[in-house]
Amino acid sequence: MIKFPLQFEEFLLHYIKEEFFRGTKRASFISRPFGKEDLYFFSKGVSKLSELFTAERAKLTRGYLNQPELRAAYLLYFLPINFAKTCYVLQQIPPLFWQRKTYRVLDLGSGPGSASLAFLHFLKEKNPSAQVELTLVEQNEKALRDAKELSSLYQPLLKKLQTIPSWLSKFSFHGEYDLILMSHVLNEMTEYGAQQRAEWLLPKIQDHLSSNGILAISEPALKRPTRELMALRDHLLEEKELMVLAPCLHEEICPMLAATRNDWCHFYVEWNEPEYLQRLDRLIKNENRFLKVAYLLLGRKDFFGTTLKRPADLFRVVSNRMKTRGKTEAVLCGPPGRIGITLLDREKSAVNEALDQSRRGDLLSVPELASEDYHVDKKFRASRNTKIKLID
């Protein structure tokens, strides 16, 4: 369960009111608690931006954050959502990463800093004495200003903060980074396919990701951007320099991409949605009790290949658990590939009950499926004696 920090929520709401009400007829509202009137005021922009991000994405211009109505809506509504999604992705990073004294972090296409703020919050919980050098790259200067103001909440962690107003295609990389964040960036590069994105991204990673650094990419969990991310994954692994840390447990071609045209690899995020967002969801008729995210964590194989050991019987659940008459089904992905598992009700036992307890994204140990053969699509019927264990 991702807990959205109350201190950050209060800081964010006050910042939004101060930023958008100062010098207007609503200036007197700044000192008041964020209330129903404020929700109604901002709800129109939230509804409009939500529609642009989904059904009318073709109408979304790159300069949408220059429009005060949409910029306020992003800060109020989408920043907390993307903050929570990034926290979920950060949870998948190997624990050793959080034990360093210093971090050089690059946030590409940062917007108002949703991903960086999540990183700072996560680091504050994991390693509060660490120091961070943070570089934000974003073409919209107002969004960079938002990120700078909001990151002041985590000032004790920040040794240095640099904001660079630039298009990614014109940004010049310098030095090496321990973490490179790309949150909801690739789906906006609509003029490039997965191969072209890999050709743009790979040299940057090869030259500017530290030997034990991590690239964290997250995308909207919609079919097109997620399958494009899956294809990008395959292209990035072709050079054999990088390995997937999560969600994949192998470096073979993506079996879901190869086997199907309609499935996409995404996961659900449980979070404590702030009360004001719950009320805003009711106003605009949205549902965010569970968030969806598609992500990819990559690191250098030379380092993580020796420090990260994965059992051959480890699988990630990459579908919802499907209960139909007389059976339970799920799709697993692991070193042997993509495997559709079926457990008949009459075969349920104490040793395989973990399948009924699992959810999309969970890790399962299934020794009977460990194999040197790789399959993009294989079926397996579990028996009463099939051992299935849920891995924390």
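Bear in mind the structure is a predicted one, so any value in this text is a computation, not a measurement.

Undergrad: Help me understand the pattern of salt bridges in this model?
TA: Close approach of charged atoms lets side chains of opposite charge pair. Evaluation of the coordinates by the stated rule reveals 22 salt bridges. For Lys-17, the salt bridge identified is with Asp-38, shortest N-O distance 3.2 Å. Of this pair, Lys-17 sits in helix α1 (residues 6-21) while Asp-38 sits in helix α2 (residues 36-53), and the two are 21 residues apart along the sequence. An identical accessibility class is assigned to Lys-17 and Asp-38; each is buried. By sharing partners, the salt bridges in this structure join Glu-19, Arg-71, Arg-145 and Asp-146 into a single network.

Undergrad: Explain the nonpolar core here, please?
TA: If you look at soluble globular proteins, the nonpolar side chains tend to sit buried side by side. Core analysis: the biggest nonpolar cluster contains 86 residues, and Phe-8, Leu-76, Trp-98, Tyr-103, Phe-119, Val-132 and Leu-297 have the highest contact counts within it. Considering every element that reaches this core, the biggest residue donor is helix α3 (residues 68-91), with 16 residues. Counting residues in hydrophobic clusters, the runner-up holds 31 residues, among them Ile-164, Met-182, Leu-186 and Ala-198.

Undergrad: Help me understand the environment of Phe-303, please; the structure alone is not making it clear to me.
TA: Here Phe-303 shows up in helix α10 (residues 301-307). Accessibility expressed as a relative area gives 24% for Phe-303, which makes it partly exposed. Phe-303 sits 61 residues away from Leu-242 along the chain, and the two C-alpha atoms are 9.6 Å apart. If near-sequence neighbours (up to four positions away) are discounted, Phe-303 is found in contact with Leu-96, Ser-211 and Asn-212.

Undergrad: What exactly am I supposed to notice about the pairing of strand β4 (residues 177-183) here?
TA: Within a regular beta strand, the side chains point alternately toward one face of the sheet and then the other, so they alternate between its two faces. Among the 7 residues that make up β4, 7 are buried, leaving the element largely enclosed by the rest of the structure. One ladder, built from 4 bridges, connects strand β1 (residues 102-108) with β4; its direction is parallel. Note on β4: the bridge partner recorded for Val-105 is Leu-179. Across 6 bridges, the pairing between β4 and strand β5 (residues 209-219) is parallel. Bridging across to β5, Tyr-177 finds its partner in Leu-209. Between the parallel pair β4 and β5, the chain is carried across by helix α6 (residues 194-208), and the sense of this crossover is right-handed.

Undergrad: Any chance you could explain the side chain of Asn-352 here in plain terms?
TA: Along the chain, the position of Asn-352 falls in the loop between β12 (337-344) and α11 (354-357). In this structure the side chain of Asn-352 is engaged in a polar contact, spanning 2.9 Å, whose partner is the backbone nitrogen of Ser-349. Apart from residues lying up to four places away in sequence, Asn-352 is in contact with Leu-343, Glu-347, Ser-383, Arg-384, Thr-386 and Ile-388.

Undergrad: So what exactly am I meant to see when it comes to helix α9 (residues 275-284) here?
TA: Residues three or four positions apart in an α-helix share a direction because the helix packs 3.6 residues into each turn. Along α9, the positions that sit buried rather than exposed are Tyr-276, Leu-277, Leu-280, Asp-281 and Ile-284. End-on, the buried residues of α9 take up no more than an arc of 140°, which puts them together on one face. The exposed set on the far side of α9, more than 90 degrees from its buried face, consists of Glu-275 and Arg-282. Directly after α9, the chain includes Lys-285, whose backbone phi takes a positive value near 60°.

Conventions and cut-offs
- Residues numbered from 1 in each chain as written.
- Predicted model: local features only at pLDDT ≥ 70, side-chain atom pairs only at ≥ 80, totals over all residues.
- Heavy atoms only, no water.
- Salt bridge = Lys/Arg side-chain N within 4 Å of Asp/Glu carboxyl O.
- Helix = DSSP H or I, 4+ residues; strand = E, 2+ residues; numbered from the N terminus.
- Buried < 20%, exposed > 50% of the residue type's maximum accessible area, 1.4 Å probe, protein only.
- Core = buried A, V, L, I, M, F, W, Y, C linked by side-chain atoms within 4.5 Å.
- Contact = heavy atoms within 4.5 Å.
- Pairing = 2+ DSSP bridges.
- Right-handed = clockwise from strand over helix to strand, strands pointing away.
- Polar contact = N/O pair within 3.5 Å; in protein donor to acceptor, adjacent residues only side chain to side chain.
- Arc of directions from axis to C-beta.

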